[in-house]
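Residue strings, one per chain:
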Amino acid sequence: MTAAGITAPVNGDRLWRSLMEMAEIGATPGGGVGRIALTDLDKAGRDLFARWCKDAGLAVRIDRMGNIIGRRAGADDDAPPVVTGSHLDSQPLGGKFDGAYGVLAGLEVVRALNDAGVTTRAPLEIINWTDEEGVRFAAGVVASGVYAGRFDLDYGRNLPDREGTTTMARELARIGYDGKAPCGGYPISAFFEAHIEQGPVLEREGAVIGAVLGAQGQRCYAVTVTGEEGHAGTLPMALRRDAMVGAARMIDGLNRLAFEFDPVPVLTTGYVQVRPNSRNTVPGRVAFSIDVRHPDDAVLADICLRAETLCRTIAEGAGLQVQVTETSARDSIAFDPGCIDAVRVAARRQGLACRDIHSGAGHDACNLARCAPTGMIFVPCKDGISHNEREATAPEDLAAGCQVLLEVMIARAGIA
Ligand code: GLV
Ligand code: MN
Ligand code: MN
């Protein structure tokens with residue numbers, strides 16, 4: 001130990017510089033990042049991360065889901081590794097920190113241990129999980145789900161994009177990340193993920209570290225409303241089977257439905273596709289997404305049942321057809337008490353204000369919790385804004401979260 005509960009000091013400036021350099025890949029005019037999974041920009045971000053891992057002395061492997069794993073040998077290299085990581089892919093108009101922070105904080109842990117000449121007993125692994133966000137493909141967090149045994153490898157590799165024009169495996173091959181290493185299937189000692197909170201709690205309460213207790217349940221649906229195309233000038237209103245009007249009523253109805261529950265779930269339609277999407281044609285088909293989340297799994301199941309009934313009732317009343325397909329479902333999860341406590345202890349030893357917190361967002365850690373003791377470290381996020389180009393976190397808070405990550409990983413891995 002050096003000062004104030006610190007084993008090896010992380011370099012906050014180096015972490016910040018790495019985050020800013022990564023954010024140049026897919027930089028958006030509004031100051032954010034658009035680096036959607038398995039695009040050429042994602043490839044560029046991956047290439048940079050893989051190069052940084054090699055420069056830091058890590059052995060890099062790519063697994064069957066394209067996860068990039070940088071491994072730092074331990075003195076007892078057969079011991080199960082202590083693993084960290086997050087995701088370099090982003091929302092179309094995302095921020096610089098959602099995901100990238102957890103990946104590059106892991107890298108900074110390794111760089112700091114290298115600087116201090118610390119060898120751990122157990123090996124360490126830093127992972128960039130493929131496609132956490134689920135923007136382009138039908139569901140997110142699938143690659144960590146395969147790793148953790150939640151999904152079959154074939155399901156993950158054959159996952160189609162929304163347009164049904166390609167698959168995860170084809171896109172991995174196209175960008176050169178269709179790896180040969182097995183995806184998961186080996187014991188790990190623990191998984192820790194550092195992430196910005198993406199909500200307002202830590203900032204509002206003046207805390208620097210959130211010890212994450214767990215995450216709420218989530219279900220996603222693809223809804224397709226089918227009517228019939230017609231001429232906007234000649235088809236009388238009473239004769240129309242307008243898929244857009246049906247979809248609009250459903251979306252409004254779903255929003256109202258949410259407010260009938262206590263606590264109110266979060267329910268979002270963020271994706272809409274209209275066919276043929278022409279000013280003067282009555283829309284014949286509209287596809288839209290539903291993302292609904294609630295901390296109580298029984299309440300979530302009830303909301304979903306009522307949401308589906310609502311869509312069917314509206315379709316029937318308007319002479320439309322509707323297909324509602326579940327695209328992903330995850331129950332609420334609780335993280336490992338020992339990992340949660342390790343975060344609290346590390347924060348306390350560094351004199352950092354820490355509070356327990358629940359995650360509204362989903363994370364790869366939610367999958368890892370199925371196969372290993374898992375914990376998360378949250379740092380504040382300005383005004384609680386995320387999935388937004390304006391997403392911001394103070395460099396000193398990022399450094400503090402990274403130092404806590406280092407300490408919990410070392411506590412688990414042991415020093416040789
Ligand atoms: C991940 O960004 C999520 O949807 O929670
Ligand atoms: Mn994220
Ligand atoms: Mn996100």
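Here, every reference points to the structure presented above.
Before going into details, it helps to say that this report is about the structure given with it. (Residues numbered from 1 in each chain as written. Chains lettered and ligands numbered in written order. Predicted model: local features only at pLDDT ≥ 70, side-chain atom pairs only at ≥ 80, totals over all residues. Heavy atoms only, no water.)

With respect to the overall build of the protein
Now for step 1: Along its length, the protein carries twelve helices and 16 strands.
Now for step 2: The C-alpha atoms of the protein give a radius of gyration of 23 Å, which matches the 22 Å a tight globule of 416 residues would have.
Now for step 3: Projected onto its principal axes, the C-alpha coordinates of the protein cover approximately 80 × 45 × 40 Å.
Now for step 4: A fraction of 80% describes how many contacts in the protein between residues 6 or more apart in sequence connect residues 24 or more apart.
Now for step 5: When the accessible surface of the protein is totalled, it reaches about 16900 Å², and 51% of it is carbon and sulfur. (Helix = DSSP H or I, 4+ residues; strand = E, 2+ residues; numbered from the N terminus. Rg over C-alpha atoms; globule rule 2.2 N^0.38 Å. Contact = heavy atoms within 4.5 Å. Areas by Shrake-Rupley, 256 points an atom, 1.4 Å probe, with all protein chains shown as cover.)

As for the coordination of the manganese ion (ligand 3)
Now for step 1: Donor atoms from the polypeptide that bind the manganese ion (ligand 3) are Asp98 (OD), Glu133 (OE), Glu133 (OE) and His387 (NE2), placed at 2.1 to 2.5 Å.
Now for step 2: One chain supplies every donor for the manganese ion (ligand 3), spaced along it as D-x34-E-x253-H.
Now for step 3: For the pair the manganese ion (ligand 3) and the manganese ion (ligand 2), the metal-to-metal distance amounts to 3.7 Å, and Asp98 bridges them. Taken as a pair, Asp98 in the loop between β3 (82–86) and α3 (100–116) and Glu133 in the loop between β4 (124–128) and α4 (142–147) lie far apart in primary sequence, 35 residues in all. (Donors = N, O, S within 2.8 Å, 3.2 Å for Na, K, Ca; no water.)

Overview of the coordination of the manganese ion (ligand 2)
Now for step 1: Bound to the manganese ion (ligand 2) on the protein side are His87 (NE2), Asp98 (OD) and His195 (NE2), at distances that span 2.1 to 2.3 Å.
Now for step 2: One chain supplies every donor for the manganese ion (ligand 2), spaced along it as H-x10-D-x96-H.

Notes on the nonpolar core
Now for step 1: One finds Phe49, Tyr101, Leu104, Ile209 and Val404 to be the most contacted residues of the largest nonpolar core, which totals 94 residues.
Now for step 2: Excluding anything up to four places from it in sequence, Phe49 contacts Met22, Ile68, Leu88, Val103, Leu104, Ile126 and Asn128.
Now for step 3: The next biggest cluster of nonpolar side chains, apart from the first, holds 26 residues, and it includes Tyr221, Leu257, Phe261 and Cys304. (Core = buried A, V, L, I, M, F, W, Y, C linked by side-chain atoms within 4.5 Å. Buried < 20%, exposed > 50% of the residue type's maximum accessible area, 1.4 Å probe, protein only.)

Description of the side chain of Asp42
Now for step 1: Take Asp42: it is sitting in helix α2 (residues 40–55).
Now for step 2: Accessibility expressed as a relative area gives 2% for Asp42, which makes it buried.
Now for step 3: Within the structure, Asp42 has its side chain in polar contact with the backbone nitrogen of Leu38 (distance 2.7 Å). (Polar contact = N/O pair within 3.5 Å; in protein donor to acceptor, adjacent residues only side chain to side chain.)

Details of helix α1 (residues 12–23)
Now for step 1: Between its terminal C-alpha atoms α1 stretches 16 Å, which fits the 16 Å expected from twelve residues at 1.5 Å a residue.
Now for step 2: Every buried residue of α1 is listed here: Gly12, Arg14, Leu15, Ser18, Leu19, Met22 and Ala23.
Now for step 3: Those residues of α1 that are buried lie in contact with α2, α3 and α12 (395–413).
Now for step 4: You can read the cap of α1 off the contacts: a side-chain oxygen lies 3.1 Å from the backbone nitrogen of Asp13, and it is on Asn11. (Expected span 1.5 Å × (residues − 1).)

As for the site of ligand 1
Now for step 1: All residues in the neighbourhood of ligand 1 are listed as Glu132, Glu133, Arg293, Ala361, Gly362 and His387.
Now for step 2: Between Glu133 and ligand 1, the recorded distance is 3.0 Å, taken from a side-chain N or O atom to an oxygen atom.
Now for step 3: Here an oxygen atom of ligand 1 sits 3.1 Å away from a polar atom, N or O, in the side chain of His387.
Now for step 4: Coverage of ligand 1 by the protein amounts to 88% of the 190 Å² it exposes when considered alone.
Now for step 5: Taken together, the residues that form the shell around ligand 1 break down as one nonpolar, two polar and three charged. (Near = heavy atom within 4 Å. Nonpolar A, V, L, I, M, F, W, Y, C, P; charged D, E, K, R; others polar.)

Brief notes about the pattern of salt bridges
Any two side chains of opposite charge can pair, so long as their charged atoms come close to each other.
Now for step 1: One pass over the full model with this rule turns up 23 salt bridges.
Now for step 2: With a closest N to O distance of 3.0 Å, Asp115 and Arg14 form a salt bridge. Of this pair, Asp115 sits in helix α3 while Arg14 sits in helix α1, and the two are 101 residues apart along the sequence.
Now for step 3: A relative accessible area of 56% means that Asp115 is categorised as exposed. (Salt bridge = Lys/Arg side-chain N within 4 Å of Asp/Glu carboxyl O.)

Here we look at the packing of α1 against α2
Now for step 1: The interhelical angle for the contact between α1 and α2, taken along N-to-C directions, is 150°, at an axis separation of 10 Å. Classified by the interaxial angle, the pair formed by α1 and α2 is roughly antiparallel. Along its contact with α1, which presents Ser18, Glu21 and Met22, the element α2 presents Gly45, Leu48, Phe49 and Trp52.
Now for step 2: Residues that form the contact of α1 with α2 fall into these classes: four nonpolar, two polar and one charged. (Axes fitted to C-alpha atoms, helices over the stretch in contact; angles between N-to-C directions. Parallel < 35°, antiparallel > 145°, perpendicular 65-115°, else oblique.)

Regarding the pairing of strand β6 (residues 209–215)
Now for step 1: Among the seven residues in β6, six count as buried, and that is most of the element.
Now for step 2: Relative to strand β16 (residues 374–379), β6 runs antiparallel, the two being bridged by two bridges. When the bridges of β16 are listed, Ala211 appears paired with Ile377.
Now for step 3: Relative to strand β14 (residues 333–334), β6 runs antiparallel, the two sharing two bridges. Residue pairing across strands places Ala215 opposite Ile333, the latter belonging to β14. (Pairing = 2+ DSSP bridges.)

A look at the side chain of Glu407
Now for step 1: Within the fold, Glu407 resides in helix α12.
Now for step 2: Comment: no salt bridge for buried Glu407; closest opposite-charge side chain is Arg349, at 6.4 Å.
Now for step 3: One polar contact links Glu407 to Thr7, side chain to side chain, over a distance of 2.6 Å. (Lys, Arg positive; Asp, Glu negative; His and termini not counted.)

Concerning α2
Now for step 1: Helix length check: α2, at 16 residues, gives a terminal C-alpha distance of 23 Å against a target of 22 Å (1.5 Å per residue), a fit within 8%.
Now for step 2: Listed as buried for α2 are Asp42, Gly45, Arg46, Leu48, Phe49, Ala50, Trp52 and Cys53.
Now for step 3: The secondary structure elements touched by the buried residues of α2 are α1, β1 (59–62), β2 (68–72), α3, β4 and α6 (168–174).
Now for step 4: Positive phi appears at Gly57, one or two residues downstream of α2, with a value of about 85°.

It is worth stressing that arrangement in space is one thing and function is another; only the former is reported here.
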